[in-house]
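# What the coordinates show
What follows is the residue order along each chain.
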Amino acid sequence: MSLRLGDLLRFRSVERGVAALDPRVKLAISVYLFALPVIYDRPPVLSLAASSAVLLLVTLLLATVNESGRVLRTMRALGPFLAFVLLLNVLGSLTAGTPVLTPEFALTNAALLMRFIAVFTSFSFFLLTTSPEDFALVLRWMRVPYDYAFALTASIRFAPLFLEEVQEVIDSQRMRGVNYDTRNPIRLFRNYVRAFVPVTVNALRRAFEMAEALEVKCFGAVEKRTSYRTLRSRRRDHVVLIGSTLLFISSVSLKFYYL
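Here we summarise the structure given alongside this text. What you are looking at is a predicted structure, and each value in this text was computed from that prediction instead of being measured.

## Here we look at the overall build of the protein chain
Scanning the protein chain from N- to C-terminus turns up 10 helices and zero strands. Secondary structure elements in the protein chain, listed N-terminal to C-terminal, are α-α-α-α-α-α-α-α-α-α. For the C-alpha atoms alone, the extent of the protein chain along its principal axes is close to 65 × 60 × 30 Å. The buried share of the protein chain, taken over its 259 residues, is 33%. For the protein chain, the share of sequence-separated contacts (at least 6 apart) that also reach a separation of at least 24 residues comes to 77%. Total accessible area on the protein chain stands at roughly 16600 Å², and carbon and sulfur atoms take up 65% of it.

Okay, structure coming up:
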């Protein structure tokens, strides 16, 4: 899996399209998009159609912030993992004596892989257009303790930096002659261990620095915290939330009562 998947967690400061919505509304839409591929698990035709619809909706939502190509880059980054899953399915079918060169097998695996991509990208526009501060406010609105909310938002903020640092270490070692294109799995594993050792040391050092900074700022000294920013929904947020909720309920009703 490519390290560029960390871009899905990198916040883009934009104030148009879906990014201008209330973060609670964006979270609700993401949950709906995540649930649809899970609910439409069979038959394969409906599963493939539902997952394709989710990918189309995510692409349209990202198009409002000029990031529609992110879905294609995500699918490209997931390529090695999807190929590995497909290989496991083929080996499992061959072991069980099930033919693999059939339309049914191709349709089933296409639906499975498409469901995985849809589930993986369902929260991409929310993470892309929601700042860590707004995400923390949403968690506090959901009555999540502040310590847990802070830890989660901090991990989301530092995950892209960690992956970017890994890529920089790999690139610097490539310039020094380390071969990351070798087909020898043992040598490739050793090379990646060489890359992750300095990154892990830097991550631990950054964690200690952050802990000291929080201690200097008296983190946790006051039990009841206040926030400079508050979440305020507008009329269009209500309209989008009601419309998306009705569409989700209709999709679920269609699955359980008519199919």
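## What about unusual backbone geometry?
A positive phi angle, close to 65°, is found at Arg143, a residue other than glycine. Arg143 gets classed as exposed once you look at its relative accessible area, which sits at 75%.

## Observations concerning the packing of helix α2 (residues 44–63) against helix α5 (residues 103–121)
For the pair α2 and α5, the least separation of the axes is 8 Å and the interaxial angle reads 30°. In this view, α2 runs roughly parallel relative to α5, as classed from their interaxial angle. The two elements α2 and α5 meet at a crossing, and its hand is left-handed. Packed against α2, whose contacting residues are Pro44, Val45, Ser47, Leu48, Ser51, Ser52, Val54, Leu55 and Val58, the element α5 presents Leu107, Thr108, Ala110, Ala111, Met114, Arg115, Ile117, Ala118 and Thr121 at the interface.

## Structural notes on the nonpolar core
Counting 29 residues, the largest nonpolar core has Leu33, Ile39, Val54, Val58, Leu62, Phe125 and Phe248 as the members making the most contacts within it. Of all the secondary-structure elements, those providing two or more residues to this core are α1 (23–39), α2, α4 (79–96), α5, α6 (124–129) and α10 (235–258). It is α1 that contributes the most residues to this core, eight residues altogether. Setting aside anything within four residues of it in sequence, one finds Leu33 in contact with Val54, Leu57, Val58, Leu61, Ser122 and Phe125. Membership of the second largest hydrophobic core comes to eight residues, among which are Phe126, Phe135, Leu139 and Ala149.

About the cut-offs
Residues numbered from 1 in each chain as written. Predicted model: local features only at pLDDT ≥ 70, side-chain atom pairs only at ≥ 80, totals over all residues. Heavy atoms only, no water. Helix = DSSP H or I, 4+ residues; strand = E, 2+ residues; numbered from the N terminus. Buried < 20%, exposed > 50% of the residue type's maximum accessible area, 1.4 Å probe, protein only. Contact = heavy atoms within 4.5 Å. Areas by Shrake-Rupley, 256 points an atom, 1.4 Å probe, with all protein chains shown as cover. Axes fitted to C-alpha atoms, helices over the stretch in contact; angles between N-to-C directions. Parallel < 35°, antiparallel > 145°, perpendicular 65-115°, else oblique. Left-handed = near helix turned anticlockwise from the far one by under 90°. Core = buried A, V, L, I, M, F, W, Y, C linked by side-chain atoms within 4.5 Å.

Remember, this is a structural readout, not a statement about activity or role.
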